[in-house]
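Architecture at a glance
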Amino acid sequence: RLLGPDGREIEQIVLPVSMRQGDLTQTELEQWLARILSKYAFDIVHINHLLRFPFSLPHIIQAHGAKIVFSLHDYFAICDVYTLIGFEGHYCDIPNRPPETCDVCLERTRNIAIGSQARRIRFVRESFRHIDTVLAGSQTSADILTRMFPQLTDKVTLLPPPMLHENVSLAPRLEDFSVLNIALLGNFTHVKGAEAALEIFEQAKNLPVTFHIFGRIDPAYAARLETLTTSVIAHGQFKPGELPPKLATCNAFLMLSPWPETYCIALSEAQ
């Protein structure tokens, strides 16, 4: 859908075939994009994400003279498994592994044919040479991207989350509280560190600690939480921008992740 500055729809395209995650090309969408780029002569196109969009789009945009800004929200440009959590259940460290291991992983986790990842990387590498600026939330995530696509090295603009750097220790000491209230903010899922959290809950069962989970709990972990003797309180989901008041009573925030997140919104929410 093409929207105007006032939010009203100017025109739309209905594709005869649904887009699939990871498609490299899509003729009808490419033709529509080329037409509106020519008609409206956009100066800049911001690609917020390419999930369920063809990787060919930067070719079309650059051919019509527009500059391209790309936001790095995760690693979908590198792999269909956009968290880069491999079949072993943790970060695969893809920049330092031989490409052949990707075939093994993707066949097991996504049933993707052998050789597909090599073709995908070659196509994306060629397409991404047209990108003018990459917006990245951390140096680490930028490094992973540029290890896979070296041509983007000089095109990265870092937009890290604002942090307070005061010359004081903000870390609470256990002896300062009768009960230490620790918040886990965001969905309680594997990709948000649920496995590590469960281990921590078990280790803390004899400590004066209460854990507060703010967010959706994956059904796979609901039953396991019920068996814990540690004090864990689930507060349920909350709407974006409407943080639960109970969060303000917590003394610390625990942010866990088995993958190198590009930028975690929960970090800003907790701050």
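For the structure given in this document, a descriptive report is provided here.

Cut-off values and rules
Residues numbered from 1 in each chain as written. Predicted model: local features only at pLDDT ≥ 70, side-chain atom pairs only at ≥ 80, totals over all residues. Heavy atoms only, no water. Pairing = 2+ DSSP bridges. Helix = DSSP H or I, 4+ residues; strand = E, 2+ residues; numbered from the N terminus. Axes fitted to C-alpha atoms, helices over the stretch in contact; angles between N-to-C directions. Contact = heavy atoms within 4.5 Å. Buried < 20%, exposed > 50% of the residue type's maximum accessible area, 1.4 Å probe, protein only. Right-handed = clockwise from strand over helix to strand, strands pointing away.

Some points on the sheet that holds strand 5 (residues 133-136)
Spatial strand order, 3-4-5-6: 4 strands in an open sheet with parallel pairing. If you trace the sheet from one side to the other, it starts and ends with strand 3 (44-47) and strand 6 (156-158), each paired once. For this sheet, the mean inter-axis angle between neighbouring strands, taken without regard to orientation, is 25 degrees. The strands that helix 5 (residues 139-148) touches are strand 4 (67-72), strand 5 and strand 6; relative to strand 6, the one it contacts most, it runs at about 165 degrees.

Let's talk about the environment of P99
Looking at where P99 falls in the secondary structure, it is placed in the loop between strand 4 and helix 3 (100-110). Residue classification places P99 among the exposed residues on the basis of a relative accessible area of 58%.

Concerning the sheet that holds strand 7 (residues 180-185)
The 4 strands lie next to each other as 9-8-7-10, forming an open sheet whose pairing is parallel. A single partner strand is all that each edge strand has here, and the edge strands are strand 9 (231-236) and strand 10 (252-253). Alignment of strand 7 against strand 8 (residues 209-214), held across 6 bridges, turns out to be parallel. The residue of strand 8 that forms the bridge with N181 is T210. Contacts from helix 6 (residues 194-203) reach strand 7, strand 8 and strand 9 within the one sheet, and its direction differs from that of strand 8 by about 155 degrees.

Regarding the pairing of strand 4
Looking along a regular strand, one sees side chains alternate from face to face of the sheet. Judged by how many residues are buried, strand 4 sits mostly within the fold: 5 of 6 residues are covered. One ladder, built from 4 bridges, connects strand 3 with strand 4; its direction is parallel. The residue of strand 4 that forms the bridge with H46 is V69. Where the polypeptide runs from strand 3 across helix 2 (residues 57-63) and back to strand 4, its parallel neighbour, the crossover connection is right-handed. When strand 4 meets strand 5, the two strands line up parallel, connected through 4 bridges. Bridge assignment links L72 to a residue of strand 5, and that residue is A136.

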